[in-house]
Amino acid sequence: MNNLRKSNIQKLPQKTFDVLIIGGGINGAVSAAALAAKGAKVALIDKGDFAGFTSSNSSNLAWGGIKYLESHEYGLVNKLCKSRNHLMRSYPSTVKEIRFFTSIQKGFRFPPLFVFMGTIVYWIMGRFFTQSPQYLTARKIKSLEKVVKTDNLNGGFEYSDAFLHDNDARFVFNFIRSSMSYGCIAANYVQANGSEKIDGEWNTKAKDVISGEEFEIRSKVIINSAGPFVDPMNQVNQQTTEHHHLFSKGIHLIVDKITDSNKVLTFFADDGRLFL
Ligand SMILES: Cc1cc2nc3c(=O)[nH]c(=O)nc-3n(C[C@H](O)[C@H](O)[C@H](O)COP(=O)(O)OP(=O)(O)OC[C@H]3O[C@@H](n4cnc5c(N)ncnc54)[C@H](O)[C@@H]3O)c2cc1C
């Protein structure tokens, strides 16, 4: 792999690519695979390891956006369900259905039956592609999942979404591997340090962060898929965009597996946020 990396780095300054993709997370990897498969001459670089940033820190879910039903974003849920189904259909051994086992505390802002109706709407919007949701009484929850405390429960339900069986970084790397088999020249630990358009062609300053060697990559088009670094990169390249990133955080607490059922145990925290 190290030899392949070296020879790919040597190839990067040698020709003009149709596309230079900056960032080898999920967005860069999928772009590289799709474009290379269509016959475009593609180069892909990442300043760290492929999938080494956000795309290896996700919750490994391919979900249809159930929570956006509460804010009435039906168009968004429809699109997300469609892409979730598409992923499940296209990568059946990697993107698999999983059940969410959800319990509702007494005093929650909606009664369990009402939230359950939401899961039915979600299932319909998901074109019945997964198993149907199921309503659960507190007694049923107690019999199915011993680890869930049921003293203060009003009921609950089960519904389906999908998860990445192998994990997110492997999912990304498979796209990079596929792009390379279609001729994409990909190299990790190569940083883009600004691009300039000269005579209709992009010249990108690049640096091999391992050897310190600097060189230029020429391309007709640049895809900026630098994840959280997209805006600073646009600024350096003097590109203005209508939209900008707003950062938010998710928290993963890693705990030992507490049930053998292979279901995701889901609760609503005291402040109403989903906790799974
Ligand atoms: C806690 C958390 C949980 C999440 N859970 C889910 C989930 O369950 N399901 C889901 O679908 N989504 C989830 N997401 C969102 C998802 O992870 C991101 O939307 C996705 O990973 C973004 O991918 P990306 O390719 O745009 O960015 P990234 O994965 O960040 O990739 C950008 C790459 O660009 C590289 N780069 C940056 N600057 C340069 C440069 N100058 N030169 C070269 N390379 C550069 C970086 O090294 C990086 O590898 C979650 C996100 C978080 C934070």
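Cut-offs and rules
- Residues numbered from 1 in each chain as written.
- Predicted model: local features only at pLDDT ≥ 70, side-chain atom pairs only at ≥ 80, totals over all residues.
- Heavy atoms only, no water.
- Helix = DSSP H or I, 4+ residues; strand = E, 2+ residues; numbered from the N terminus.
- Contact = heavy atoms within 4.5 Å.
- Areas by Shrake-Rupley, 256 points an atom, 1.4 Å probe, with all protein chains shown as cover.
- Lys, Arg positive; Asp, Glu negative; His and termini not counted.
- Charge placed at Lys NZ, Arg CZ, Asp CG, Glu CD.
- Phe/Tyr/Trp six-rings, centres within 6.5 Å; stacked < 30°, edge-to-face > 60°.
- Buried < 20%, exposed > 50% of the residue type's maximum accessible area, 1.4 Å probe, protein only.
- Lys NZ or Arg CZ within 6 Å of the ring centre and 35° of its normal.
- UniProt positions renumbered as here; feature names shortened; annotations may be inferred.
- Patch = residues over 30% accessible without salt bridge, like charges linked within 9 Å, V, L, I, M, F, W, Y side chains within 5 Å.
- Salt bridge = Lys/Arg side-chain N within 4 Å of Asp/Glu carboxyl O.
- Core = buried A, V, L, I, M, F, W, Y, C linked by side-chain atoms within 4.5 Å.
- Domains from an automatic or database assignment.

Chemist: Would you mind going over the overall build of the protein with me for this structure?
Modeler: When helices and strands are tallied, the protein shows seven helices and twelve strands. In terms of overall dimensions, the protein has a C-alpha envelope of 70 × 40 × 30 Å along the principal axes. Of all intrachain contacts in the protein linking residues separated by at least 6 positions in sequence, the fraction that spans at least 24 positions is 67%. Only carbon and sulfur atoms are counted for the fraction: they give 54% of the accessible area of the protein, which is about 16,400 Å². Computed over 33 positive and 25 negative side-chain charges, the separation of the two mean positions in the protein equals 6 Å.

Chemist: Is there a simple way to explain the packing of aromatic side chains in this structure?
Modeler: Here the distance between the centres and the angle between the planes together describe a pair of aromatic rings. Under the defined criterion, the tally for this structure stands at 14 aromatic pairs. Seen from their ring centres, Phe-50 and Phe-173 are 6.4 Å apart, and the 35° between their planes marks the pair as tilted. Pair noted here: Phe-50 is in the loop between strand E2 (42-46) and strand E3 (61-62) and Phe-173 is in helix H6 (residues 168-181), with a separation of 123 residues, a long-range link. Residue classification places Phe-173 among the partly exposed residues on the basis of a relative accessible area of 29%. When the centroid spacing of 5.2 Å and the interplanar angle of 85° are considered together, the rings of Phe-171 and Phe-175 count as edge-to-face. Here the residue Phe-171 and the residue Phe-175 both occupy positions in helix H6, the gap between them amounting to four residues, near one helical turn. One aromatic cluster is present, formed by Phe-100, Tyr-122, Phe-157 and Tyr-159 through successive ring pairs. Seen from the ring of Phe-229, Lys-47 lies directly overhead, with NZ or CZ sitting 3.6 Å from the centre. One Lys or Arg, Arg-84, reaches over the ring of Tyr-122 and ends 5.8 Å from the middle of that ring.

Chemist: Got a minute to help me understand the environment of Ser-195 in this structure?
Modeler: On the secondary structure map, Ser-195 appears in strand E8 (residues 190-198). For Ser-195, a relative accessible area of 10% corresponds to the buried category. Ser-195 sits 43 residues away from Gln-238 along the chain, and the two C-alpha atoms are 9.0 Å apart. The residues contacting Ser-195, other than those within four sequence positions of it, are Trp-202, Asn-203, Thr-204, Ile-222 and Asn-237.

Chemist: Is there a simple way to explain the UniProt feature "transmembrane region" (unreviewed entry) in the protein in this structure?
Modeler: As annotated by UniProt and renumbered to match this structure, "transmembrane region" (unreviewed entry) occupies residues 108-125. Annotated as residues 108-125, this span is 78% helix and 0% strand, and its ends, taken at the C-alpha atoms, are 25 Å apart.

Chemist: Looking at this structure, how should I read the side chain of Ser-225?
Modeler: With respect to the helices and strands, Ser-225 occurs in the loop between strand E10 (214-224) and helix H7 (230-236). Beyond its immediate sequence surroundings of up to four residues, Ser-225 is in contact with Ile-21, Ile-22, Gly-23, Asn-27, Gly-28 and Val-230.

Chemist: Help me out: how do you make sense of a nonpolar patch on the surface in this one?
Modeler: Taken together, the side chains of Ile-251, Leu-253, Val-255 and Phe-275 make up a nonpolar region of the molecular surface, amounting to roughly 500 Å² of accessible area. Tracing the sequence through the fold places Ile-251 in the loop between H7 and strand E11 (264-268). A relative accessible area of 73% means that Ile-251 is categorised as exposed.

Chemist: What exactly am I supposed to notice about the nonpolar core here?
Modeler: What tends to happen in soluble globular proteins is that the nonpolar side chains get buried as a cluster. Counting residues in each nonpolar core, the largest one holds 22 residues, and the members touching the most others are Leu-44, Val-95, Ile-176, Cys-184 and Ala-186. The element contributing the most residues to this core is H6, with five residues. Of the residues that make up this core, three or more belong to each of domain 1 (2-56 + 168-236) and domain 2 (75-166 + 250-275). Setting aside residues no more than four positions away along its own chain, Val-95 makes contact with Ala-62, Leu-87, Met-88, Ala-162, Phe-163, Leu-164 and Phe-171.

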